[in-house]
Amino acid sequence: MSGRFEGRVAFVTGAARGQGRAIAVGFAREGADVIAVDVCGAVAADSPAAAPADFDETVAAVEAHGRRIVARHADIRDLAALETVLEEGAGQFGRLDFVCANAGIAGMGPADALSEDQWDTMVDVNLSGAWRTCRAAIPHLKRQKGGAIVFTASATGLKALPGVAHYSAAKHGVIGLMHALAVELGPHWIRVNAVCSTTVKTPLIAHEGHYKLFRPDLDRPTEADVVKAASRINALPVPWIEAEDVSNAILWLCSDEARYVTGAALPVDAGFCVK
């Protein structure tokens, strides 16, 4: 452990598994205490939900690094719930330094076939939920007189793919929100950035529904069936990246090594955006 975040506190949403767990554990490995939330329940029918047992594993992994964690079930569509968790966590640890607006859902379908509920839920979680996360956290960062916010955006927030219009629109919005907050919060020494990844191998994509996005010709495609097709969207010949590739970039953006980096949409995308 390098200890570059020793004595610091990070707030991570969607921390029960996948990218959120990798982020929370990464902060703990580097010496930070963690405030974590996850809804641990179904939000959208086509987006597999985390379970309470998943969250328990995150807690254990953080504590295995000798760090403290306040972990609570909360929906990022509920501003009051986020405020309550942050008051508890920042009160217990005495500060808040980093905010990782990571929680989100996936989904797919042609734009003209999406239901209003699919559209509204996607935007409410992935865009408005990111804003609520910041709305609850910014007062703590201002009191701290500095800090860093990092959004988990997406390469599809920079370049569209067919079949994910609602997701891509929400992630484009996240990048717009990031730019606006970077300008607003800069005078308070609060840096705001986003990581824009290609497909990340997490439970959100490791299922038949997502595989059909790449292999609509198959009734029941498997992971093995989509490797070649999924690799075609990236300049580097890989179908996806790992959660740790995203968390490593987020940790760097929060570190003093990136002390003058703000307003950046950082691609961690295996060349998706340049292809």
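Residues numbered from 1 in each chain as written. Predicted model: local features only at pLDDT ≥ 70, side-chain atom pairs only at ≥ 80, totals over all residues. Heavy atoms only, no water.

A. Inspection of helix 7 (residues 223-231) at higher detail. Here helix 7 has its buried residues at Val226, Ala229, Ala230 and Ser231. For helix 7, the elements touching its buried residues are helix 6 (208-214). (Buried < 20%, exposed > 50% of the residue type's maximum accessible area, 1.4 Å probe, protein only. Helix = DSSP H or I, 4+ residues; strand = E, 2+ residues; numbered from the N terminus. Contact = heavy atoms within 4.5 Å.)

B. Highlighting the packing of helix 1 (residues 18-29) against helix 2 (residues 52-63). Their axes nearest at 9 Å, the elements helix 1 and helix 2 cross at an angle of 15 degrees. Considered as vectors, helix 1 and helix 2 are oriented roughly parallel to each other. Crossing geometry of helix 1 relative to helix 2 is assigned as right-handed. Only Asp54, Glu57, Thr58, Ala61 and Val62 of helix 2 make contact with helix 1, whose side of the interface consists of Arg21, Ala24, Val25 and Ala28. Of the residues in the contact of helix 1 with helix 2, the class split is five nonpolar, one polar and three charged. (Axes fitted to C-alpha atoms, helices over the stretch in contact; angles between N-to-C directions. Parallel < 35°, antiparallel > 145°, perpendicular 65-115°, else oblique. Left-handed = near helix turned anticlockwise from the far one by under 90°. Nonpolar A, V, L, I, M, F, W, Y, C, P; charged D, E, K, R; others polar.)

C. Main features of unusual backbone geometry. Here the phi dihedral of Trp189 falls at roughly 60 degrees; this positive angle occurs in a residue that is not glycine. Mapped onto the elements, Trp189 comes out in the loop between helix 5 (165-185) and strand 6 (190-197). According to the relative accessible area criterion, Trp189 is exposed, its value standing at 61%.

D. Quick peek at the pairing of strand 5 (residues 147-152). In terms of residue burial, strand 5 counts as a mostly covered element, since six of its six residues are buried. Side chains of strand 5 alternate between two faces, with Gly147, Ile149 and Phe151 and Ala148, Val150 and Thr152 buried alike. Two strands pair when backbone bridges link them, and strand 4 (residues 98-101) and strand 5 are joined in this way by four bridges, in the parallel orientation. The residue bridging Cys100 from the neighbouring strand is Val150, located in strand 5. Following the backbone out of strand 4, through helix 4 (residues 116-144) and into the adjacent parallel strand 5, one traces a crossover that is right-handed. Between the parallel pair strand 5 and strand 6, the chain is carried across by helix 5, and the sense of this crossover is right-handed. (Pairing = 2+ DSSP bridges. Right-handed = clockwise from strand over helix to strand, strands pointing away.)

E. Structural detail: the state of the cysteines. Evaluation of the coordinates by the stated rule reveals zero disulfides. Sulfur of Cys40: no disulfide; nearest cysteine sulfur belongs to Cys100 and is 18 Å away. You can call Cys40 buried: its relative accessible area is 12%. (Disulfide = S-S within 2.5 Å.)

F. Geometry of the environment of Gly26. Within the secondary structure layout, Gly26 lies in helix 1. Residues Gly26 and Leu251 lie 225 residues apart in sequence; the distance between their C-alpha atoms is 7.3 Å.

G. Layout of the sheet that holds strand 5. Read from one edge of the open sheet, seven strands run 3-2-1-4-5-6-7, paired in parallel fashion. With partners counted over all chains shown, the strands left at the sheet margins are strand 3 (69-73) and strand 7 (265-268), one partner each. On average, each strand axis in the sheet is inclined to that of its neighbour by 15 degrees, with strand direction left out of account. Bridge count between strand 6 and strand 7: four bridges; the pairing is parallel. The residue bridging Ala194 from the neighbouring strand is Ala265, located in strand 7.

H. Broad picture of the pairing of strand 2 (residues 33-38). Judged by how many residues are buried, strand 2 sits mostly within the fold: six of six residues are covered. Burial of the side chains of strand 2 extends over both faces: Asp33, Ile35 and Val37 are buried on one face and Val34, Ala36 and Asp38 on the other. Here five bridges tie strand 1 (residues 9-13) to strand 2, and the two strands are oriented parallel to one another. When the sheet's bridge partners are listed, Val12 is paired in strand 2 with Ala36. A crossover links strand 1 with its parallel partner strand 2, the connecting element being helix 1, and its sense is right-handed. Pairing of strand 2 with strand 3 involves five bridges; the strand directions are parallel. Its bridge partner lying in strand 3, Val34 is registered against Ile69.

I. Here's a closer look at the packing of aromatic side chains. On inspection of all chains with the given rule, the structure shows three aromatic pairs. Centroid distance Phe5 to Phe27: 5.2 Å. Interplanar angle 45 degrees. Geometry classified as tilted. Separated by 22 residues along the polypeptide, Phe5 in the segment before strand 1 and Phe27 in helix 1 bring together distant segments of the chain. For the pair shown, Phe5 and Phe27 are each scored as buried. (Phe/Tyr/Trp six-rings, centres within 6.5 Å; stacked < 30°, edge-to-face > 60°.)

J. Structural detail: the packing of helix 4 against helix 5. At a closest axis distance of 8 Å, the pairing of helix 4 and helix 5 adopts a crossing angle of 20 degrees. Classed by the angle they form, the pair helix 4 and helix 5 counts as roughly parallel. In this structure, helix 4 meets helix 5 at a crossing whose hand is right-handed. Of the residues in helix 5, those touching helix 4 at Gln118, Trp119, Met122, Val123, Asn126, Leu127, Ala130, Trp131, Cys134, Ile138 and Lys142 are Ala165, His166, Tyr167, Ala169, Ala170, Lys171, Gly173, Val174, Leu177, Leu181 and Leu185. Considering only residue class, the contact of helix 4 with helix 5 consists of 16 nonpolar, four polar and two charged.

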